[in-house]
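# Tertiary structure, described
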Amino acid sequence: MTRHYNFCAGPAALPTPVLERAREELLDYQGRGLSVMEMSHRSPEFVAIAEQAEADLRELLAVPENYKVLFLQGGASLQFSMVPMNLLGKGGTANFLYTGIWGKKAQTEAKQLGFGVHVAGSSEAGGHTEVPAQADLTLSEDAAYLHYTANETIGGLAFDYIPDVDVPLVCDYSSSLLAEPLDVSRFGVIYAGAQKNIGPAGLTLVLVRDDLLDRRCERIPGLFDYRAMAEAGSMVNTPPTYAWYLAGRVFQWLKHDIGGLEAMAAINARKAASLYAAIDASGLYSNPIAVRNRSRMNVPFVLADERLDKPFLAEAEEAGLLNLKGHRSVGGMRASLYNAVPEAAVEALIAFMADFEQRRG
Ligand SMILES: *Cc1c(COP(=O)(O)O)cnc(C)c1O
């Protein structure tokens, strides 16, 4: 068996030791005679798995006591509507920073539901190559919160600061949560679909500050209600049990194999720095993002001659470097360097790119 290097933007690579452990436990979880997938979510075995995962996540991110951690479904995209439904029930306007496709979708969803929407900052004029500066943010007077996207997964544009505003910050952290330490206390709500940097698809993490649990709309579906979910330990209905278990294994891997988020951040910084350096030094590849806003997780790049795109992708795949094609909306290439992508993968990619340039560039 060969595991190739996987640069997919999502569902993305998982740590090999996590998959090996899952394989060991697949048929018979710790002598119980059944798989985690076959357990009642109310069983003591699964409740222990769920509680351990939450405790490990809280430890990794140093989540303060006054935050709930929810293990939900529906992907990050469902949060585009759950956030306004939970935070705008007492009125006010949803404020957004627009730095790419995901932020735009969040904004569109709130508008579609009939909520007031205000764009408090945008990188659109510059083609989403630089995030708006703190000094240029203009919130509406009745802002209930400010929503932004920490890392725009498609454009490869990342915030290099946490906005400092007087209203709760809501952040879509889908593609960069757990890539580095984070001061959770700066935020009202943090959410992330699991399939980028946390675990398999099917699970969405939401961290929400307690005082925000009473702002929900009166008419809200039970499964969308943060408070109801918090009170039920994310088990209003059957949660995505196997995805929850695997995310828990990823948290254990981060703690014990990697040594925590400081250590993870150092590895991620090295991976991104070496790939961007290779791109900048080449005559064939380029990345347009302002250096301070370059994503460490998603590195988009284009080839100077787009006729080389196809052979580049075909040869990369043959070399065991998978999923380098850019998002269908922007084209070009994209290498996603999430936590589970090892440094050796990035070295192999850089060597391949240099070789390809020498032969074809
Ligand atoms: C992938 C992604 C989403 C969408 O996630 P789903 O779980 O597919 O809904 C939203 N925001 C960001 C930043 C993403 O990377």
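Bear in mind that the values here come from a model prediction, so they are computed numbers and not experimental data.

## Structural notes on the overall build of the protein
Counting its regular elements, the protein contains nine helices and 14 strands. Rg of the C-alpha trace for the protein: 21 Å, near the compact-globule value of 21 Å for 361 residues, within the 12% margin. When its C-alpha atoms are laid out on the principal axes, the protein stretches across 60 × 60 × 30 Å. Each of the 361 residues in the protein was classed as buried or not, and the buried ones make up 53%. Taking the contacts inside the protein whose residues are at least 6 apart along the sequence as the reference set, 67% of them involve residues at least 24 apart. Roughly 15700 Å² of accessible area belongs to the protein as shown, and the carbon and sulfur atoms make up 50% of that amount. Separation of charge centres in the protein, based on 32 positive and 43 negative side chains, amounts to 3 Å.

## Remarks on the packing of helix H3 (residues 75-87) against helix H4 (residues 101-112)
Packing of H3 against H4 leaves a shortest axis separation of 8 Å and a crossing angle of 45 degrees. Between H3 and H4, the angle is such that the two are oblique. Relative to H4, H3 is oriented so that their crossing is right-handed. Taking contact as the criterion, the partners of Ser 77, Phe 80, Ser 81 and Pro 84 in H3 are, on H4, Trp 102, Lys 105, Ala 106, Glu 109 and Ala 110. Of the residues contributing to the contact of H3 with H4, the split by class is five nonpolar, two polar and two charged.

## Looking at the UniProt feature "modified residue: N6-(pyridoxal phosphate)lysine" (unreviewed entry) in the protein
Taking the UniProt record as the reference, the feature "modified residue: N6-(pyridoxal phosphate)lysine" (unreviewed entry) is found at Lys 196. Excluding its chain neighbours within four sequence positions, the residues that come into contact with Lys 196 are Ala 9, Gly 10, Ala 12, Ser 174, Ser 175 and Tyr 338.

## A word on the site of the ligand
The full set close to the ligand counts 13 residues, and Ser 77, Thr 153, Asp 172, Gln 195 and Lys 196 are the nearest of them. Within the contact set of the ligand, an oxygen atom lies 2.4 Å away from a side-chain nitrogen or oxygen of Thr 153. In the complex, 87% of the free accessible area of the ligand, which totals 380 Å², lies under the protein chains. Counting residues per element, the shell around the ligand draws most heavily on H3, which supplies four residues.

## Let's talk about the domain arrangement of the protein
Taken domain by domain, the protein comprises domain 1 (16-257) and domain 2 (260-360). Listed per partner, the contact involves 27 residues of domain 1 and 24 residues of domain 2. For the interface between domain 1 and domain 2, the tally reads three salt bridges. Between Glu 180 and Arg 296 there is a salt bridge whose closest N-O contact spans 3.7 Å.

## Quick notes on the pattern of salt bridges
Counted according to the given criterion, the structure contains 21 salt bridges. With its nearest N and O atoms 3.3 Å apart, the salt bridge here joins Glu 231 to Arg 227. Taken together, the residues span about one helical turn, with Glu 231 and Arg 227 both in helix H5 (residues 226-231) at a distance of four residues. Under the relative-accessibility criterion, Glu 231 is labelled exposed at 61%. A salt bridge links Glu 343 to Arg 270; the nearest nitrogen and oxygen atoms lie 2.8 Å apart. Of the two residues, Glu 343 sits in helix H9 (residues 343-360) while Arg 270 sits in helix H7 (residues 261-281), which places them 73 residues apart along the sequence. Connected via shared salt-bridge partners are Asp 214, Arg 216, Asp 225, Arg 227 and Glu 231.

Definitions and cut-offs
- Residues numbered from 1 in each chain as written.
- Predicted model: local features only at pLDDT ≥ 70, side-chain atom pairs only at ≥ 80, totals over all residues.
- Heavy atoms only, no water.
- Helix = DSSP H or I, 4+ residues; strand = E, 2+ residues; numbered from the N terminus.
- Rg over C-alpha atoms; globule rule 2.2 N^0.38 Å.
- Buried < 20%, exposed > 50% of the residue type's maximum accessible area, 1.4 Å probe, protein only.
- Contact = heavy atoms within 4.5 Å.
- Areas by Shrake-Rupley, 256 points an atom, 1.4 Å probe, with all protein chains shown as cover.
- Lys, Arg positive; Asp, Glu negative; His and termini not counted.
- Charge placed at Lys NZ, Arg CZ, Asp CG, Glu CD.
- Axes fitted to C-alpha atoms, helices over the stretch in contact; angles between N-to-C directions.
- Parallel < 35°, antiparallel > 145°, perpendicular 65-115°, else oblique.
- Left-handed = near helix turned anticlockwise from the far one by under 90°.
- Nonpolar A, V, L, I, M, F, W, Y, C, P; charged D, E, K, R; others polar.
- UniProt positions renumbered as here; feature names shortened; annotations may be inferred.
- Near = heavy atom within 4 Å.
- Polar contact = N/O pair within 3.5 Å; in protein donor to acceptor, adjacent residues only side chain to side chain.
- Domains from an automatic or database assignment.
- Salt bridge = Lys/Arg side-chain N within 4 Å of Asp/Glu carboxyl O.

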